[in-house]
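As a plain string of letters, each chain reads:
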Amino acid sequence: MIYSTDDSQPLGKGRLSGEGAIVDRGLAELLLNYKRTIASRYTAATEGEIEDLTSRGELHVSKKIDGQMWYAIFDEQDAFLANPKGRVISGDHPLVIELRRLAKNTSGRLVVAGELYAEGERARPRCGDIAGALGGGVNAAVDRMRFAAFDLCVREALDEDAPLASADGQDPFAYGPRLAELERVFAGGTLARCVPTEVVSGANSVRKLYNEWVVAGGEEGIVVRSAGQRIIKIKTEVHIDAVIIGYTIRREDAAQCSSVLLGLMREDGAMHELGSCGNLGEESFRKELLTLLQGTEVESKYRRASTTGALYRFVKPQTVVEVKATDVQSESASGDPVRRMVLHYEDGAGWKRLQKMPIASILHPVFVAMRPDKGVNKDDVRIAQLDDHVFVTETHSMVEEVTLRPSQILRREVYTKADKKKT
């Protein structure tokens, strides 16, 4: 048995099993490890970096589809869908029915990575569309669900692991042979297809496709695969208005601000920690910013350390800034949701922690401008700014303070070191 449906729920006429439904340990590890490995290879970039990041050799350029990463798994004449955390879609789901039909093009076990998405009324799919479809139960919009294959993970022939071998002696780990095999397997598919891909060379060709697919066509972005298994994800810059809730001081110059901690306001008025930004620009501005923030410092029962180990000094939430990022992600490399602290601020009492809730990480944030025209409210610094880029769960829920039992000291030890008659 490869997977279990014991705790599954209806998904249209199919079944949706929860995390950990894959009982084949080897397969479960493969799905999770592939996600981690591929995530570490991705380089997030913007349109302005195309010339710097794209090589002159053969490049495979495909559309970036906004959905969730899932796998199509063919096992002899059977087929099903699974995600890196072991959720499984099986039964008489339209996608699974089509995969079983395409299984005639395979032998042994074939694991294909792709994007599970849902077509909607908007110009392009959004991550929230597929999340909504997966939560629809027996009335789920399964007819809108699609699968776009983008990589061949592994082929098991006669129960032996073997990488895809090309007939012409090419590197079996090069993307070209894997793409050719995907196109063969998914030939004739309508709900499950190979992701649209063009083979080009040079930055000019990449920019042409970017303009055609993203600028004119409204797609989310493009993915460029080059030699050496390098993968570049190119999207438009993400701009976010956020409020400064804390700051650190530069070690090399105590008159300068080193980084700021940013927050977004939830619908219930609580402040959700978004992340930090240390790319603040010129030294003169860092000094001006430090002077501004030092005058608004308040008490905080919540402690947060920067990447350098310095504790953030919390401030009154009144300074709104605009930052830009290359990307935002709501999941870690292992597929776990990004969770950060939700805080409550009160004049005179300062900040207190409530609990950690799902949010997104901003990649390579850069300060753009002060925004004195923006206020600290549920419109100007709303957490819903993330909705255009990622799907974050539970942003509408009320967040309450989690009260933990007082800690009990079990043991206290002191260590000393004597050196040259000094302790």
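Quantities reported herein were computed from a predicted structural model and do not represent experimental measurements.

What follows covers empty space enclosed by the protein. As enumerated under the stated definition, the model contains one cavity of 30 Å³ or more in all. Computed from the structure, the largest cavity encloses a volume of approximately 40 Å³. Every residue lining the largest cavity is listed: Glu267, Ile383, Ala384, Asp387, Thr395 and His396. Residues of the lining of the largest cavity, tallied by class, amount to two nonpolar, two polar and two charged.

Should pLDDT be low for a region, the predicted coordinates there are not to be read in detail. Taken as a whole, the protein chain shows an average pLDDT of 88; of its residues, 93% reach a score of 70 or greater. Across the protein chain, element-level confidence peaks in strand β18 (residues 313-314) with a mean pLDDT of 97 and bottoms out in strand β10 (residues 160-162) with 42. Confidence drops under pLDDT 50 across residues 157-170; counting only partners more than four residues distant or on other chains, this segment forms 15 contacts.

This brings us to the nonpolar core. If you look at the biggest cluster of nonpolar residues, it comprises 57 residues, and the most contacted ones within it are Phe74, Leu81, Ile89, Val112, Met145, Phe147 and Phe186. Ignoring any residue separated from it by four or fewer positions in sequence, one finds Phe74 in contact with Ala79, Leu99, Leu102, Ala103, Thr106, Gly108, Arg109, Leu110, Val112, Val185 and Phe186. The next biggest cluster of nonpolar side chains, apart from the first, holds 30 residues, and it includes Leu274, Ile362, Phe367 and Val392.

Moving on: unusual backbone geometry. For His364, which is not glycine, the phi dihedral falls at a positive 55°. Counting through the fold element by element, His364 comes out in the loop between β23 (361-363) and β24 (366-370). Among the residues examined, His364 registers a relative accessible area of 52% and is labelled exposed. Even without glycine at this site, Glu394 takes up a positive phi of about 65°. Mapped onto the secondary structure, Glu394 falls in the segment after β24. A relative accessible area of 43% places Glu394 in the partly exposed class.

Conventions we followed
- Throughout, residues of each chain are indexed from 1 in the direction in which the sequence is written.
- Side-chain atom pairs in this predicted model are given and counted only at pLDDT of 80 or more, local residue features only at pLDDT of at least 70, and totals for whole chains, interfaces and linings cover all residues.
- Each side-chain value is worked out from all heavy atoms of the structure, with water and hydrogens disregarded.
- Any residue with an atom within 4 Å of a point lines the site, the site being either a cavity, points on a 1 Å grid over the protein atoms alone where a 1.4 Å probe fits but cannot get out, or a pocket, an open set with protein on both sides within 12 Å along at least 5 of 7 lines.
- Grid points are joined across faces, edges and corners, and a volume is the space filled by probe spheres set on the points.
- Classification convention: Asp, Glu, Lys, Arg as charged; Ala, Val, Leu, Ile, Met, Phe, Trp, Tyr, Cys, Pro as nonpolar; all other residues, Gly among them, as polar.
- Each residue gets a pLDDT score, which is the predictor's confidence in that residue and runs from 0 to 100.
- In this text, helices come from DSSP runs of H or I with a minimum length of four residues, and strands from runs of E with a minimum of two, each type numbered from the N-terminal end.
- In this analysis, two residues are considered to be in contact whenever any of their non-hydrogen atoms come within 4.5 Å of each other.
- Among buried residues, the Ala, Val, Leu, Ile, Met, Phe, Trp, Tyr and Cys ones that are joined through side-chain atoms within 4.5 Å form a nonpolar core.
- Any residue under 20% of the maximum accessible area for its type is buried, any over 50% is exposed, and the rest in between are partly exposed; the area is computed with a 1.4 Å probe on protein chains only.

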